[in-house]
Each structure stands twice: as C-alpha cells, then as structure tokens.
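# Notes for the structure review
The residues making up each chain are set out below.
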Amino acid sequence: MTQLFGERVYWANGTGCSQAWGAPMPGIPYTVNSRGFGPAWTNSLFENNAELCLGMVLSVKQQRQNVKEKVEKFAAEIAEGELLNACEDYLEAFDDFDASRIASDRLCELLEKEDSAEAKEILERRDQLAKKTFWMYGGDGWAYDI
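A brief look at the structure comes next. Small disclaimer: the values here were computed from a predicted structure and weren't measured. (Residues numbered from 1 in each chain as written. Predicted model: local features only at pLDDT ≥ 70, side-chain atom pairs only at ≥ 80, totals over all residues. Heavy atoms only, no water.)

### Looking at the side chain of S116
- Within the secondary structure, S116 is located in the loop between α5 (97-111) and α6 (117-124).
- Residue classification places S116 among the buried positions, given a relative accessible area of 16%.
- There is a polar contact of 3.1 Å between the side chain of S116 and the backbone nitrogen of A119. (Helix = DSSP H or I, 4+ residues; strand = E, 2+ residues; numbered from the N terminus. Buried < 20%, exposed > 50% of the residue type's maximum accessible area, 1.4 Å probe, protein only. Polar contact = N/O pair within 3.5 Å; in protein donor to acceptor, adjacent residues only side chain to side chain.)

Next up, the structure:
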C-alpha cells in the first residue's frame, strides 16, 4: 500500500497485530518515495478506528477546500499567463488522484517564483494541494473478535 499510495496516504490503524509489527522503532516497514514522502500513520484504540479515520477525512477535506478557494481567488486576480494556466489546471485536477499531484507540483513551482502574500499563503498549505487517500487497518481487536 505504501508503495502505491505512500506519499498521499493517511492511515488509521486500530491497535492490534498490525500496529505491533508496524510501529516498533527503528524498523518501521513503511516506504518513502524519491522525494522522501511517505504515509501519515496513526494508531487508535481498538474500538474507535472508524471514527478516527472519519475525523481525518473530514479534516483534510476542509483543509483542501480552503486551499482550493485560495487558488480560485488568486486565479481570479491573474489576467493571463503560465501561472493562470497552472491555477486552472490545478482546479480542474482537484479531485483526480494522479492529475492533482502533477498539477500541484507545477503550481508550487510557479508560486515559488511569486512574491505575493497570496502565493505564500497557498505554499504554506502545499501539503493539502494534492488529493489524498484514506485507509483503515484493523485486526481481530478492531473487529471485536478477541
């Protein structure tokens, strides 16, 4: 899973066997990509993993909507050019897992050349530009089998 989605995966893990093999230092088995990005992993009690993951989903959804609105506002102030195209491409790719990563990288590259408060605000939230994926893991404890 981390090899497929690692740089943009949020992983809620219920306490149990999967947490026991996946959390001990220094041998954490989760991979990172060539840019050093890997999964955001958290652990919860047996019984509340679904609620924890739902909270993560709602939080990221709100944060991404906020940065999307900032990009929309910024794009409305730009008359033309490569930066406007990058904003439009990002907005079009917002809900596409693969395309949003490409569009986000391009947008950030151009925003880094800008010297405006709006560009800096968007860049401060760059971690929320690309679409994320959410996963819940749990074992027999989470399923109330033990």
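The structure having been displayed, the exposition proceeds.
### Here we look at the packing of aromatic side chains
- The full count for this structure, using the stated rule, is two aromatic pairs.
- Here Y90 and F94 contribute two aromatic rings whose centre-to-centre distance is 5.9 Å and whose plane-to-plane angle is 90°, an arrangement assigned as edge-to-face.
- The ring of F94 carries the charged tip of R64 above its face, separated from the ring centre by 4.0 Å.
- Here the basic side chain of K68 rests over the ring of F94, its NZ or CZ set 4.6 Å away from the ring centre. (Phe/Tyr/Trp six-rings, centres within 6.5 Å; stacked < 30°, edge-to-face > 60°. Lys NZ or Arg CZ within 6 Å of the ring centre and 35° of its normal.)

### Here we look at the packing of helix α4 (residues 82-93) against α5
- Where α4 contacts α5, the axes come no closer than 9 Å and their chain directions differ by 155°. In terms of axis orientation, α4 runs roughly antiparallel to α5. For the pair α4 and α5, the sense of crossing is left-handed. Between α4, through E82, L83, N85, A86, C87, D89, Y90 and A93, and α5, the contact on the second element is made entirely by A99, S100, A103, S104, R106, L107, L110 and L111.
- Looking at side-chain class alone, the contact of α4 with α5 contains 10 nonpolar, three polar and three charged residues. (Axes fitted to C-alpha atoms, helices over the stretch in contact; angles between N-to-C directions. Parallel < 35°, antiparallel > 145°, perpendicular 65-115°, else oblique. Left-handed = near helix turned anticlockwise from the far one by under 90°. Contact = heavy atoms within 4.5 Å. Nonpolar A, V, L, I, M, F, W, Y, C, P; charged D, E, K, R; others polar.)

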